[in-house]
Amino acid sequence: MPQSEQKLIHTFSALADIGQEVAHKYNFHEMIRTSFHLLLGSLAIMRGGIARYSRFGHELNFLAVRGLGDDFPVSASIDPADEREFLTAGMSAIEVSQAKMLIFFQRYQPFVEKKGIELIIPMIVHDELVGLVMLGEKASGEPFNSADRAIVQAMARHIGVGIYQRNLLAELERKAEQNRRLYEEMRLTYADTVKSFAAAIDYKDKYTEGHSVRVGKYSELIAKSLGWSEERVEGVAVAGYLHDVGKLTVEKRIINSPTRINAKESAELSKHPVVGYDILLPIHHPYTDVPLAAKYHHERLDGRGYPDGLRDDQIPYIAKIVNLADSFDAMTTNRPYKARRPAHEVIEDLQRNSGKQFAPELVTALCEGMLDELEGGSEDKSFRRLLGREYMEAEGIIPMLRNALNGINATGSLTLIASE
Amino acid sequence: MSITQEADIRREGETAVVYANEYLNKITGEKIERECRDKIAAGCSRLLVSFRDTEIVNSIGISILLGVIDAASGANAEVVFTDVNPDTAHLFETLGLSRHARIVTA
Ligand SMILES: [Fe+2]
Ligand SMILES: [Fe+2]
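An account of the accompanying structure is given in this report. Computed from a predicted model, the values in this text were never measured in an experiment.

**Observations regarding the pattern of salt bridges**
Residues and elements named next belong to chain A.
So, point 1. Counting across every chain of the model gives 40 salt bridges over all chains.
So, point 2. Of the charged contacts, one joins Arg300 and Asp302 as a salt bridge, the two residues approaching to 2.9 Å between their closest N and O atoms.
So, point 3. Residue Arg300 is classed as buried on the basis of its relative accessible area, which comes to 17%.
So, point 4. With relative accessibility at 18%, the residue Asp302 sits in the buried group.

Next up, the structure:
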């Protein structure tokens, strides 16, 4: 084949390959290195370099160099006046002989001249300088002609697009990281707000000090025992913390009554789930169903709960969890008219009411959580911390819990045992 | 033809013999340049690049060969391209590589 034709094919293959390279290579540095080889090899250019431009530091950083020697600076600063000059030049190759007025050139003249750099090509994408390509002499010793310049400009444009894409990606990653941090901060702020709300609710009720916080914790432990994701567990915990928020509007005298309250007072107190729902509904929660948990945490599977007397599958699942956690705390703490009940009685009660008040699989989850902690299967000491060590480690608890779990496993549901 | 990704290079006295194979045309060919630099640093004064198993040389290959030439010129070492087929020899001629390395056709 004639030499000129062979050279043309060689050069155009390089141009085609560089397009492929920029479009498809995932690894940025490998893309740059390969493109650099294609660029030098297309016209057999002896030396050169590709530098990426950082607009923030007005700095050029060399990504690939060949034949420029060890003393060539890996980064170089660019004057804003030069940046404007390069933007004006567009993607046209600048002959070094015409670049002498650039501050950049004056600063790095010894390197540029000593290394025989002949062309400087600014890489400009969307009116933005993304880098420079510098090219030294060709192996043939011939000067770059207009066709050569057109080829290297086209190749530099491809490489510029590759750098531009990389910059966009880096910017996107930075924004995503910023968002992630912002979200994390918001989540923490929300968690703090929830906890201070819980403290405010509990402060009003001197007999059940710490109730909301404990219900939050028990709800969390049940959800964890169910194997839920971290985010869902957090959501359930929040629902637990806030379930009694409606009590903020109930008269303190009624809440703190040392004796059983009368029918009127009871009716007043019974409004707290709906009031809680009304308080929580307008708030934007990062988790779903928090207002519903407040509204339905006194509903029972058998329909004998309030405010709506919902039955089993009509009750939101999150409300069932909070209901169990709420009742569990009521049974295991001292109340003004009722002393705390011993552990074995509590377990019996859970069994008896499974399928009536409580969802059986949730009773299972709660018992499993406790058993897991007692038998050392989990590092968590939450139950011990919440209930006290002696209470949790009372004699016969482990067999009782096992027995309760067997009952569920044997029948598939505790409902049968409970209804006998 | 070698199927390994390692550069096929051996040293015979002052001469290092490199087989360009097919990986010369890929980014893995950078290994050839590195090996040649190492051999020159170790005292080789002659680099023999064999194109016995190389059908064509693309732009990446040319760039890597220029790297070999660059390495040799810094140490005044001689570069010889051997077993070069006529098409490739023409290409080396047109691109000017023949000014920097002796070409011996197959
Ligand atoms: Fe309540
Ligand atoms: Fe409660």
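Additional details are given in the paragraphs that follow.
**Observations concerning the interface of chain A and chain B**
So, point 1. Taken together, the contacts link 23 residues of chain A with 25 residues of chain B.
So, point 2. Roughly 2,100 Å² of surface becomes buried between chain A and chain B when both sides are summed, with 57% attributable to carbon and sulfur atoms.
So, point 3. At the boundary of chain A with chain B, the tally comes to two salt bridges.
So, point 4. Put simply, Glu33 of chain B and Arg66 of chain A hold a salt bridge, and the shortest N to O gap is 2.8 Å.
So, point 5. Summed over the shared surface of chain A and chain B, the result is 13 residue pairs in polar contact (both at pLDDT 80 or more).
So, point 6. Taken together, the elements giving at least two residues each to the side of chain A that touches chain B come down to helix 1 (3–24) and helix 2 (28–42) of chain A.
So, point 7. Looking at the side of chain A that touches chain B element by element, the count peaks at eight residues for helix 2 of chain A.
So, point 8. Per-class residue counts for the side of chain A that touches chain B are eight nonpolar, ten polar and five charged.

**Some words on the nonpolar core**
So, point 1. Residues Leu135 of chain A together with Phe51, Phe81 and Leu97 of chain B are the most contacted members of the largest nonpolar core, which totals 91 residues.
So, point 2. Counting residues per element, this core draws most heavily on helix 2 (residues 59–74) of chain B, which supplies nine residues.
So, point 3. What Phe51 of chain B contacts, discounting residues up to four positions off in sequence, is Ala20, Leu24, Val57, Leu65, Phe81, Thr82, Asp83, Val84 and Phe92 of chain B.
So, point 4. Within the second largest apolar cluster, 45 residues are counted, among which are Leu301, Ile315, Ala319 and Ala359 of chain A.

So, how was this worked out
- Residues numbered from 1 in each chain as written.
- Chains lettered and ligands numbered in written order.
- Predicted model: local features only at pLDDT ≥ 70, side-chain atom pairs only at ≥ 80, totals over all residues.
- Heavy atoms only, no water.
- Salt bridge = Lys/Arg side-chain N within 4 Å of Asp/Glu carboxyl O.
- Buried < 20%, exposed > 50% of the residue type's maximum accessible area, 1.4 Å probe, protein only.
- Contact = heavy atoms within 4.5 Å.
- Buried area = accessible area lost by both parts, 1.4 Å probe.
- Polar contact = N/O pair within 3.5 Å; in protein donor to acceptor, adjacent residues only side chain to side chain.
- Helix = DSSP H or I, 4+ residues; strand = E, 2+ residues; numbered from the N terminus.
- Nonpolar A, V, L, I, M, F, W, Y, C, P; charged D, E, K, R; others polar.
- Core = buried A, V, L, I, M, F, W, Y, C linked by side-chain atoms within 4.5 Å.

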